[in-house]
Amino acid sequence: MARRPVAVVAAIVLLVEAVGIVLINGILATFVDKQNMSLAHLDPGAMVAGTWAMGGVFGLYLATCAVVCLVMGLRDRAPGRIARILLISCAIVHGVFGALTVGLVGWDAFAFLMVVLALIVLTLVAYGKEKEKGPGAENGHGNGNGAEAGAPAAV
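Residues numbered from 1 in each chain as written. Predicted model: local features only at pLDDT ≥ 70, side-chain atom pairs only at ≥ 80, totals over all residues. Heavy atoms only, no water.

Draft legend 1. Highlighting the overall build of the chain. Each helix and strand in the chain was counted, giving 4 helices and 0 strands. In sequence order, the secondary structure elements of the chain are arranged as α-α-α-α. Put simply, the chain has 155 residues, and 32% of those count as buried. Restricting to contacts in the chain with at least 6 residues of sequence separation, those with at least 24 account for 63%. Total accessible area on the chain stands at roughly 10100 Å², and carbon and sulfur atoms take up 70% of it. (Helix = DSSP H or I, 4+ residues; strand = E, 2+ residues; numbered from the N terminus. Buried < 20%, exposed > 50% of the residue type's maximum accessible area, 1.4 Å probe, protein only. Contact = heavy atoms within 4.5 Å. Areas by Shrake-Rupley, 256 points an atom, 1.4 Å probe, with all protein chains shown as cover.)

Written out as structure tokens, the structure reads:
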């Protein structure tokens with residue numbers, strides 16, 4: 001199965017997205033700062049700091065998801081419970097952002113977010129829990145479904 005390359009590609013795309021998010025938030029913070037913008041009489045300095053903080057936190061979140069995918073791809077092992085929850089939450093975020101993006105930004109951004117969503121979901125499905133083998137399967141006896149070596153397999 002091609003699960004290792006999918007996990008590595010998902011990691012690369014998530015890392016590129018993390019850098020892009022930080023850059024976009026940096027540009028927005030610069031515009032707010034240079035034009036001294038305010039929303040509902042908020043302090044422009046607080047808005048600049050909040051924009052930078054949001055970009056940094058979200059970029060760190062995406063970079064963490066990228067590291068989890070990269071470790072999965074390099075080790076070729078399923079993620080643990082916390083890593084799986086992190087990737088599931090990342091997939092949910094991409095689905096919600098995709099729904100919002102189609103109206104606000106356009107179809108190109110929507111398509112990008114759906115490709116990232118598909119990569120994350122494919123990685124999660126490809127590294128799903130392995131089926132447990134029956135007794136005796138670890139030493140080469142048995143047929144892996146719990147039946148004895150000479151017994152017919154249960155259907």
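Draft legend 2. Quick look at unusual backbone geometry. The residue His41 is not glycine, and still its phi comes out positive at about 60°. Tracing the sequence through the fold places His41 in the loop between helix 1 (3-35) and helix 2 (44-75). Judged by its relative accessible area of 83%, His41 is exposed. Of note in the backbone geometry, Asp76 takes a positive phi value of approximately 55° without being a glycine. The topology assignment puts Asp76 in the loop between helix 2 and helix 3 (81-104). A relative accessible area of 28% places Asp76 in the partly exposed class.

Draft legend 3. Fine view of the packing of aromatic side chains. Evaluation of the coordinates by the stated rule reveals 3 aromatic pairs. Pairing Phe58 with Phe97 gives two aromatic rings, centres 5.7 Å apart and planes at 65°, and the pair type is edge-to-face. Separated by 39 residues along the polypeptide, Phe58 in helix 2 and Phe97 in helix 3 bring together distant segments of the chain. Overall, the relative accessible area of 34% leaves Phe97 in the partly exposed class. Consider the rings of Trp107 and Phe110, whose centres lie 5.4 Å apart with planes at 90°: the pair is edge-to-face. Taken together, the residues span about one helical turn, with Trp107 and Phe110 both in helix 4 (residues 107-126) at a distance of 3 residues. Among the residues examined, Trp107 registers a relative accessible area of 62% and is labelled exposed. Given a relative accessible area of 24%, Phe110 falls into the partly exposed group. (Phe/Tyr/Trp six-rings, centres within 6.5 Å; stacked < 30°, edge-to-face > 60°.)

Draft legend 4. The arrangement of the side chain of Asn25 in detail. You can see Asn25 is positioned in helix 1. Excluding anything up to four places from it in sequence, Asn25 contacts Thr51, Met54 and Gly55.

Draft legend 5. Summary view of the packing of helix 3 against helix 4. Running from N to C, helix 3 and helix 4 cross one another at 160°; their axes reach a closest spacing of 9 Å. Overall, the two elements helix 3 and helix 4 adopt an arrangement that is roughly antiparallel. Both helix 3 and helix 4 take part in a crossing whose hand is left-handed. Of the residues in helix 4, those in contact with Arg84, Leu87, Ile88, Cys90, Ala91, His94, Gly95, Phe97, Gly98, Thr101 and Val102 of helix 3 are Trp107, Ala109, Phe110, Leu113, Met114, Val116, Leu117, Ile120, Val121 and Leu124. For the contact of helix 3 with helix 4, the residue count by class is 16 nonpolar, 4 polar and 1 charged. (Axes fitted to C-alpha atoms, helices over the stretch in contact; angles between N-to-C directions. Parallel < 35°, antiparallel > 145°, perpendicular 65-115°, else oblique. Left-handed = near helix turned anticlockwise from the far one by under 90°. Nonpolar A, V, L, I, M, F, W, Y, C, P; charged D, E, K, R; others polar.)

Draft legend 6. Representation of the nonpolar core in the model. With 26 residues, the main nonpolar core has Leu14, Leu87 and Ile120 as its most contacted residues. Mapped onto this core, the elements with two or more residues apiece are helix 1, helix 2, helix 3 and helix 4. (Core = buried A, V, L, I, M, F, W, Y, C linked by side-chain atoms within 4.5 Å.)

Draft legend 7. Looking closely at the pattern of salt bridges. By the definition in use, this model includes 1 salt bridge. Arg3 is the salt-bridge partner of Asp76, the closest N and O atoms lying 3.0 Å from each other. Taken together, the residues Asp76 in the loop between helix 2 and helix 3 and Arg3 in helix 1 connect sequence positions 73 residues apart. For Arg3, a relative accessible area of 18% gives the class buried. (Salt bridge = Lys/Arg side-chain N within 4 Å of Asp/Glu carboxyl O.)

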